[in-house]
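# Understanding the architecture of this molecule
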Amino acid sequence: MIFSTYEFILIFLPITFCGYFLLQHFHYHNLAKIWLVLASFYFYAAGSPDFFPFFLGSVIGNYVVGNTLGKLQGAEHRIERGLLLTAGVLANVGLLGYYKYTDFFIENVNFVAGTHIPLQHIILPIGISFFTFQLIAFLVDSFRGETESYDVLDYLLFITFFPQLIVGPIIHHAEVVPQFENKKNHKLIFDNVAMGLFIFSIGCAKKMLIADPLTTDAQGFFDNVTANLPIIKSWFHSIEYTVSYYFDLSGYADMAIGLGWMFNIRIPQNFNSPYKAKDFQEYWQRWHMTLSRFLGAYVFRNVYRKGVKYRNYYVATMVTFFVSGFWHGAGWTFVVWGIVNGFLVCIASWRNKRKKNTPLWLGVPLTFLLAVLTRILFVSDTFTNAKHVLKGLVNFSTLHLSTLKALFVDNWDMCLLTVVGLAICWFCPTTSKISEKFKPNWKYLLYAAALLIICILNMDKVVQFLYFQF
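Let us look at the structure shown here. (Residues numbered from 1 in each chain as written. Predicted model: local features only at pLDDT ≥ 70, side-chain atom pairs only at ≥ 80, totals over all residues. Heavy atoms only, no water.)

Helical periodicity: at 3.6 residues per turn, an α-helix aligns residues three or four positions apart in one direction. Look at helix H13 (residues 313–328): 22 Å from first C-alpha to last across 16 residues, which is about the 22 Å you get at 1.5 Å a residue. Sitting at the amino-terminal end of H13 is Asn 312, which places a side-chain oxygen 3.1 Å from the backbone nitrogen of Tyr 314. (Helix = DSSP H or I, 4+ residues; strand = E, 2+ residues; numbered from the N terminus. Expected span 1.5 Å × (residues − 1). Polar contact = N/O pair within 3.5 Å; in protein donor to acceptor, adjacent residues only side chain to side chain.)

This paragraph deals with helix H8 (residues 173–181). Buried residues of H8: His 173, Val 176, Val 177, Gln 179 and Phe 180, and no others. Viewed along the axis of H8, the buried residues span an arc of 160°, placing them on a single side of the element. Tucked into the core, H8 has its buried residues touching helix H1 (6–25), helix H2 (29–47), helix H5 (128–143) and helix H6 (152–160). (Buried < 20%, exposed > 50% of the residue type's maximum accessible area, 1.4 Å probe, protein only. Arc of directions from axis to C-beta. Contact = heavy atoms within 4.5 Å.)

So, on to unusual backbone geometry. One non-glycine residue with positive phi stands out, namely Asn 228, at about 60°. We classify Asn 228 as exposed; its relative accessible area is 59%. Located in the positive-phi region is Asn 264, a residue other than glycine, with phi close to 65°. Relative to the helices and strands, Asn 264 is located in the loop between helix H10 (231–262) and helix H11 (280–286).

The next point concerns the environment of Pro 163. As for its placement among the helices and strands, Pro 163 is situated in helix H7 (residues 162–165). On the basis of relative accessibility, which here comes to 0%, the residue Pro 163 falls in the buried class. Counting along the chain gives 89 residues from Pro 163 to Tyr 252, while the straight-line C-alpha distance between them is 9.2 Å. Residues contacting Pro 163, with those up to four places away along its chain left out, are Phe 3, Gly 168, Tyr 252, Ala 256, Leu 259, Gly 260 and Ile 267.

Right, let's get into the nonpolar core. Counting residues in each nonpolar core, the largest one holds 88 residues, and the members touching the most others are Phe 8 and Phe 263. In terms of residue count, H5 provides more of this core than any other element does, 10 residues in total. Once you skip the residues sitting within four places of it in the chain, Phe 8 turns out to touch Met 1, Ile 2, Phe 3, Leu 13, Pro 14, Phe 43, Phe 162, Phe 200 and Leu 259. (Core = buried A, V, L, I, M, F, W, Y, C linked by side-chain atoms within 4.5 Å.)

Turning to the packing of aromatic side chains, a few remarks are in order. As enumerated under the stated definition, the model contains 70 aromatic pairs in all. Their ring planes at 55° and their centres at 6.4 Å tell us that Tyr 44 and Phe 51 sit as a pair that is tilted. Each member of the pair, Tyr 44 as well as Phe 51, is classed as buried. Consider the rings of Tyr 245 and Phe 378, whose centres lie 5.3 Å apart with planes at 75°: the pair is edge-to-face. With Tyr 245 in helix H10 and Phe 378 in helix H15 (residues 360–379), the pair connects residues that are 133 residues apart, well separated along the chain. When sorted by exposure, Tyr 245 lands in the same class as Phe 378, which is buried. (Phe/Tyr/Trp six-rings, centres within 6.5 Å; stacked < 30°, edge-to-face > 60°.)

A few words now on the pattern of salt bridges. A side chain of one charge can pair with a side chain of the opposite charge when the charged atoms of the two come close. Within this structure, the stated rule accounts for 8 salt bridges. Notably, a salt bridge pairs Arg 293 with Glu 175, separated by 2.9 Å at the nearest N-O pair. On the criterion of sequence distance, the pair formed by Arg 293 in helix H12 (residues 289–303) and Glu 175 in helix H8 is long-range, its members being 118 residues apart. On the accessibility criterion, Arg 293 (37% relative accessible area) is partly exposed. Overall, the relative accessible area of 24% leaves Glu 175 in the partly exposed class. A salt bridge links Glu 282 to Arg 286, with the nearest nitrogen and oxygen atoms 2.8 Å apart. Pair noted here: Glu 282 and Arg 286 are both in helix H11, with a separation of 4 residues, about one helical turn. Each member of the pair Glu 282 and Arg 286 is classed as buried. Residues participating in the shared-partner salt-bridge network are Lys 33, Asp 154 and Glu 181. (Salt bridge = Lys/Arg side-chain N within 4 Å of Asp/Glu carboxyl O.)

Shown next, in the form of structure tokens:
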């Protein structure tokens, strides 16, 4: 189920919201939790019905393993804990690997061995990459003794809470479970509902009014890449896709955060104006922050050892971005994309440690340019397509005034929308900053209502969220 649909906004959300707080009002707190868990299960099953039994089995299985790890503390259980953690992590990775990487593995075996094993064309379950990370984090923290003995309802709410279930933000059990336990959050707080609707409306507008049309237009270009691409089209559509990708992801994050507010739950911020970054180290501190947090806590810190040459900052960074690239997609283009990003972060870190800071007026546009170039590799199906687009960026023989004029005449609406998107990215405050000034008055109510009405009138043209494919 997608947030920006009639089914979600007009049916699922009102029923789930009213049922939850009605049960809380009559002090049926456990029933309210069960209601929210069941609603979240339905939310997931509506989007990925065939996988739902495996999702449910995975969630319950990880609870059993995590609780067991939490109880087996002490040196005398070191071996059992290690084996159990390994088994749990491998089970999660195995399930993700089967659905996401089976065809990738077969393709590479066929290429290397010259075999003709048929591809399985397995449909990727929505959200599997995200909830797998949360499940692994839960197991690792249980192994470290950092989790409490959550009852099954608290655990299920942490994993399945529908606003963040499909595309994040990736939440941590320690920041969510206590919120559901807090008695103050059991009450319907109208100011929080107003805040939630305000943030949700901004996210919905980002997604539907900016990201969807830009994505549709740019994807048409990248789906039909040929040799000898015109320089104007190559640059425009590469920038267009880079802008659309940010608004798609940050729009979803805003909607998730807004829905969390409505249920009195604070979901962490995921984006902080990444295109305002002056270098790639700062860029990844601002982009998909909960993913960076997870990779830092569970990959980087397990590789990095201070004073150890082969496990220094740069090695740990490259390993982390290799994992990030492989996590993003089953293809070598994603792996290379991750490696390139890691290399750019290492360069930025090396310069920053030596106080060789790039001035903002140069660093911001240069970082954005590098983001555009790496995004080409990310969106291209093959290295050949990526090469064609990159060559198109320097195909000066096709640079003619008539070509530029044709782009603006034939695609003036997308050109204008891209410029508006860039202006928002560079010169406007984040949704988080805007919401700090929020007051539940008529001004903000009308603003949110206007955005939602415009979005609802356009919901017949909704486009799937880009991260649904990861």
